[in-house]
Amino acid sequence: LRVTGEDYLRSLALHLGHALPADYVFVGEIKDSEAARVQTLVAAADGRIIDNFEYDTANTPCQSVFSKAVCVYPHGVRELFPADAMLQTERLESYAGAPLVGSDGQVLGNLVVMSRSVLHNPAMVEALISVFATRAAAEIERVRSEHVRMEQARLLELALDNLGQGYCIFDKNGRLVAFNSSFVALQELDRNFVRVGRTFEEIARHQYERHARTDAEIESYIALRTRNMRREFDHGTIVLPSGRPLIPSRRSMPDGGMVSTYVDVTATRRTEQERLELEARVLQSEKLSTIGPLAGGIAHDFNNILTPIISYTELMLNRAHRASVEHAELTRILKASQRAADLVRQIRAFSRQADQEQKSLRVEELLREVLSLLQSTLPDSIHVALHVAEDVPPVLGNASQLHSVILNLCVNAGQAMTDGGVMTVTLENVAVDGRVLYSGQVISGRFVRFQVTDTGVGMDDATRRRIFEPFFTTKPAGSGTGLGLAVTDGPIRQHGGDVGGGCAPGAGPRGTAFF
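Just so we're clear, the structure is a prediction, and the values are computed from it rather than from any experiment.

J.: Just to check I follow, could you spell out the packing of aromatic side chains for this structure?
T.: In this description, a pair of aromatic rings is defined by centroid distance and the angle of the planes. If you walk through the whole model with that rule in mind, you get eight aromatic pairs. An angle of 75 degrees between the planes, with centres 5.7 Å apart, marks the rings of Phe26 and Tyr55 as edge-to-face. Linking Phe26 in strand S1 (residues 24–30) with Tyr55 in strand S4 (residues 54–56), this pair joins segments that are 29 residues apart in sequence. Classification of Tyr55 as buried rests on a relative accessible area of 14%. Taken together, a centroid distance of 5.5 Å and an interplanar angle of 85 degrees make the contact between Tyr73 and Phe81 edge-to-face. The pair Tyr73 / Phe81 is uniform in exposure class, with both members buried. Aromatic rings pair up to connect Phe26, Phe53 and Tyr55 into one cluster.

Written out as structure tokens, the structure is:
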């Protein structure tokens, strides 16, 4: 076997020390551009390897070596260099050193042999260490190049692992040649399974088997991936068995292999979905703003029609006998007119664009007032549980508007429990960080959160997206106006807050408002 690197230099030092013979042999590497200091790569003394050391070259025979010349002192070297501590301590008599010159002509270090006895054949020693110095310089250069190559490979691997993309190379036979950790992660593979030499089919099979599919499904998936590989890379998105979407990219290599990259577009699709939802919110807000003035005008005209109807009905009731048929019929007319007036009042509240007078008020007092009114209208099958935190501060707001918001959210929750249940009402002080409003704006800070939770049937996503639309209702015809939740959005936004609602079919938050 060919000996290289540090093993070669150790072998060189031991053999050279035995052949000359020499008491000390070492190979050194220059530590600075001035060759003022040397670090030994290998050192041998008295036929054995010793620890490496550093030394200064000033006032030593090594100074002459770094002028690219072989220096031999057959005897008396200790007297010639009295400041060299090693020569004096070890009582060395002779010295021979040769520079290690690289392929570019630069001195890399030195090869030194020293002995406590006289060198009897200086010419032979000079020739021998010159040959060994050439080989040692070549080995040092090779090791340096190998270190540079390994460092470049490490940096390349690090760069590929931090691309945020899966990267792999398959040869012309469909076998894996190289890959990065992102490839393993994005493809949802087992790191212990993926290795150089695996075929595309083996990786595809492993990928699908991890999701516990049947054999028939596995074979179908592998066939589809293999058959559609070119089309997928050129045109489409690969969807893994788990549902993760990847966008692939391919580059052919001259030898017939293929370099591929994969990008996970899950986050991109999520961002796109969030963008569409935000656009829908803004569009809904614009629709509300457009409908408001129109609805206000209609409500005003309709209120003008209702006013004389209610007034004359009340006058006729005062004249009619309480036990008469006319009185009963007029009572029904008056109740219907009052319901119409209530509808007009909701429409006018919905259409009101200007901010109303606001003052400091306690939401807890409004909440308890609303619940006291609801208790008489809710069926006995509905239980109300109230939870109010001790640290709820006052808010700046309009009492009538907030009263309407709380009432509508509670009524909506009660109407959702047709078979009875529990309505949980919570009021607390919370910190909000970057919440996206129904209108599309973002709020942060401290808010009073009012939340109504019920045990009703819940709603699906399609219904949840429309609950604040004016006149939208899930109730049967004639039993709902569709304005209960719509009229809460404007007042809450005027108070710098947010309102939201809905839950998955079953149970959960029915309505939430931030003040």
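J.: Can you help me understand the pairing of strand S9 (residues 176–179) in this one?
T.: In the case of a regular strand, side chains alternate between the two sheet surfaces. Pairing between strand S8 (residues 166–170) and S9: three bridges, direction antiparallel. Its bridge partner being in S9, Phe170 is matched across the sheet by Leu176. Here S8 folds back onto S9 in antiparallel fashion, the turn holding five residues, of which Gly174 has a positive phi close to 80 degrees.

J.: Could you clarify how one ought to interpret the packing of helix H12 (residues 363–375) against helix H13 (residues 399–416) in this entry?
T.: Geometrically, a packed helix pair is captured by the angle between its two axes and the distance between the axes. Where H12 contacts H13, the two axes come as close as 10 Å, and the packing angle between them is 50 degrees. One element, H12, and the other, H13, form an angle in the oblique class. Considering only the axes of H12 and H13, their crossing is right-handed. Residue-level contacts link Val363, Leu366, Leu367, Glu369, Val370, Leu371, Leu373 and Leu374 of H12 to Ala399, Leu402, His403, Ile406, Leu407, Cys410 and Val411 of H13. Looking at the contact of H12 with H13 residue by residue, the class counts come to 13 nonpolar, one polar and one charged.

J.: Hey, could you run me through a nonpolar patch on the surface in this one?
T.: Side chains of Phe302, Ile305, Ile309 and Ile333 sit close together on the surface and give an oily, nonpolar patch of about 340 Å² of accessible area. Looking at the nonpolar patch, the element that brings in the most residues is helix H10 (residues 266–319), giving three residues. Along the chain, Ile333 turns up in helix H11 (residues 325–351).

J.: I'm lost on the sheet that holds strand S11 (residues 245–252) in this one. Help?
T.: Strand order in the open sheet formed by five strands is S9-S8-S12-S11-S10, and the pairing between neighbours is antiparallel. Each edge of the open sheet carries a strand with a single partner, namely S9 and strand S10 (238–239). Note: S10 against S11, two bridges, orientation antiparallel. Looking at the pairing, Ile238 lines up with Leu246 of S11.

J.: What exactly am I supposed to notice about the environment of Thr418 here?
T.: Tracing the sequence through the fold places Thr418 in the loop between H13 and strand S16 (421–436). By relative accessible area, Thr418 is classed as exposed at 65%. The spatial distance from the C-alpha of Thr418 to the C-alpha of Ser381 is 9.1 Å, given a sequence separation of 37 residues.

J.: I'm lost on the pairing of S1 in this one. Help?
T.: Across the seven residues that make up S1, a large majority, seven, are buried. The alternating pattern of S1 places Tyr24, Phe26, Gly28 and Ile30 on one face and Val25, Val27 and Glu29 on the opposite face, and all of these are buried. Bridge analysis of S1 against strand S7 (residues 107–115) gives six bridges, and the strand direction is antiparallel. Following the sheet pairing, Glu29 is matched in S7 by Gly109. Note that S1 and strand S2 (residues 37–45) share seven bridges and pair antiparallel. In the sheet register, Ile30 faces S2, and the bridge partner there is Val38. Between the antiparallel neighbours S1 and S2 lie six residues, among them Ala35 with a positive phi of about 55 degrees.

J.: What is the right way to read helix H5 (residues 122–161) from this model?
T.: The first and last C-alpha atoms of H5 sit 57 Å apart over 40 residues, in line with the 58 Å expected at 1.5 Å per residue. Those residues of H5 not exposed but buried are Val125, Ile129, Ala133, Ala136, Ala137, Glu139, Ile140 and Leu160. As for H5, its buried residues are in contact with helix H1 (5–19), S1, S2, strand S6 (94–101), S7 and S8.

The rules behind each value
- Residues numbered from 1 in each chain as written.
- Predicted model: local features only at pLDDT ≥ 70, side-chain atom pairs only at ≥ 80, totals over all residues.
- Heavy atoms only, no water.
- Phe/Tyr/Trp six-rings, centres within 6.5 Å; stacked < 30°, edge-to-face > 60°.
- Helix = DSSP H or I, 4+ residues; strand = E, 2+ residues; numbered from the N terminus.
- Buried < 20%, exposed > 50% of the residue type's maximum accessible area, 1.4 Å probe, protein only.
- Pairing = 2+ DSSP bridges.
- Axes fitted to C-alpha atoms, helices over the stretch in contact; angles between N-to-C directions.
- Parallel < 35°, antiparallel > 145°, perpendicular 65-115°, else oblique.
- Left-handed = near helix turned anticlockwise from the far one by under 90°.
- Contact = heavy atoms within 4.5 Å.
- Nonpolar A, V, L, I, M, F, W, Y, C, P; charged D, E, K, R; others polar.
- Patch = residues over 30% accessible without salt bridge, like charges linked within 9 Å, V, L, I, M, F, W, Y side chains within 5 Å.
- Areas by Shrake-Rupley, 256 points an atom, 1.4 Å probe, with all protein chains shown as cover.
- Salt bridge = Lys/Arg side-chain N within 4 Å of Asp/Glu carboxyl O.
- Expected span 1.5 Å × (residues − 1).

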